[in-house]
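A closer look at the structure
Listed below are the residues making up each chain.
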Amino acid sequence: MKLHILVLSILMTALSPAQPALRPALEQTYNAWRSAISRQDAAAWQRVTASHRRIEVKNRITSQKLPFPASLFNLPAPPPALKGLTFLEAKQNGPTATAAYFGKIDFGVGGNPTENLLVLAFVTENGDWLYDRADFVNLEALPEVRRELAAGDLKYLKETPEAQPSGKMPPLPLEAPPTKYIAKVYVFSQGREVKVQINKISQHRFANTKEAEIVIGGALDGPNEVQYAISKLPGGTGTEALTIRVYLLSQVEGIKPIKAFEYQVLENQTPKAFATSSFDVDATMVAKLMGKAH
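Below is a summary of the structure that appears in this document. Here the structure is a predicted model, which is why all the values come from computation and not from measurement.

1. Describing the nonpolar core
Within the largest apolar cluster, 28 residues are counted, with the highest numbers of intra-cluster contacts made by V196, Y228, I244, L248 and F279. Listing elements by their share of this core, those giving two or more residues are β5 (182-189), β6 (192-198), β9 (222-232), β10 (242-249), β11 (258-265), β12 (274-281) and α7 (283-289). The element that contributes the greatest number of residues to this core is β11, accounting for five residues. When neighbours within four sequence positions are excluded, F279 is seen to be in contact with A219, G222, P223, N224, V226, V246, L248, A260 and F261.

Right, here's the structure in full:
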């Protein structure tokens, strides 16, 4: 028994300095990442950004035929500063960690910021914490949660999986080949979750939304594979209409997007739970994209 107590005491002594050190380590990484963005320093950005996130960001940029890394810094708003925010908690789970903040999160776009939640996510590589992503939670429609966080009650964080470190290292995505035709996948999915994969590289998840996302790698000449999986969400009726489309985007001014693929379910119809389909990019479609069709 004494030996067990001694071992536990040694373990607690060894672990206790690590937790207080977690917050400053994560904040140092975030501030370095934020500085790299503001200074448009691509080399610094690469040093402090998680490997999987670097590939994902590059894929998204090159899939729109935009220059990399120059387009990396074309953000709709600058990353918010942590100064002035209330620190809530920093948690580690294996190779992942999160840091949560509450307060008037200012994206520098004008107006009067209100009190909301910011959760930063990190992963560790070669012994260093690297920045992964930031999740901004607008609490306008959650006044009770806003009151709880302001009072230091972290119940909402504990009940929200996205606010906790997962403990699993995100897999490295494939690097997208050069894009020939820019494409977007559009999904209208009330009451349902829809997962779409295009050409085995571009993976998308839509849940109870109407949204479009860029297709990683774009569309290819000839056949393009589209896989989709559809499931009902809690609260959904299973009778809602549903649409999955893939559009090709022209780089010629004045040419409207071309619908290359569509799967549509009318209200009260039953969708396929899973299917593999395809669309072809042929000479006629390419001529339309290039503005050469008569």
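2. Concerning the sheet that holds strand β1 (residues 86-93)
The strand order across the open sheet built from four strands is β1-β2-β3-β4, with neighbouring strands paired in antiparallel fashion. Both edges of this open sheet fall to β1 and β4 (128-137), since each of them pairs with a single strand only. The sheet shows a mean angle of 20° between the axes of neighbouring strands, taken without regard to direction. Taken together, the nine bridges between strand β2 (residues 96-104) and strand β3 (residues 115-125) define a ladder with antiparallel strand orientation. The residue of β3 that forms the bridge with A99 is L120.

3. Considering the environment of K104
Here K104 is to be found in strand β2. Setting aside residues up to four positions removed in sequence, K104 forms contacts with L85, P113, T114 and E115.

4. What about the pairing of β6?
Counting buried residues in β6 gives six out of seven residues, a clear majority hidden from the surface. In this sheet, β9 lies alongside β6 in antiparallel orientation, the contact comprising seven bridges. Across the sheet, residue I198 finds its bridge partner in β9, namely V226. Note: β6 against strand β7 (residues 202-207), six bridges, orientation antiparallel. Looking at the pairing, K195 lines up with R205 of β7. Where β6 folds back onto β7 in an antiparallel hairpin, the turn is made up of three residues, including N199, whose phi is positive at roughly 55°.

Conventions and cut-offs
Residues numbered from 1 in each chain as written. Predicted model: local features only at pLDDT ≥ 70, side-chain atom pairs only at ≥ 80, totals over all residues. Heavy atoms only, no water. Core = buried A, V, L, I, M, F, W, Y, C linked by side-chain atoms within 4.5 Å. Buried < 20%, exposed > 50% of the residue type's maximum accessible area, 1.4 Å probe, protein only. Helix = DSSP H or I, 4+ residues; strand = E, 2+ residues; numbered from the N terminus. Contact = heavy atoms within 4.5 Å. Pairing = 2+ DSSP bridges. Axes fitted to C-alpha atoms, helices over the stretch in contact; angles between N-to-C directions.

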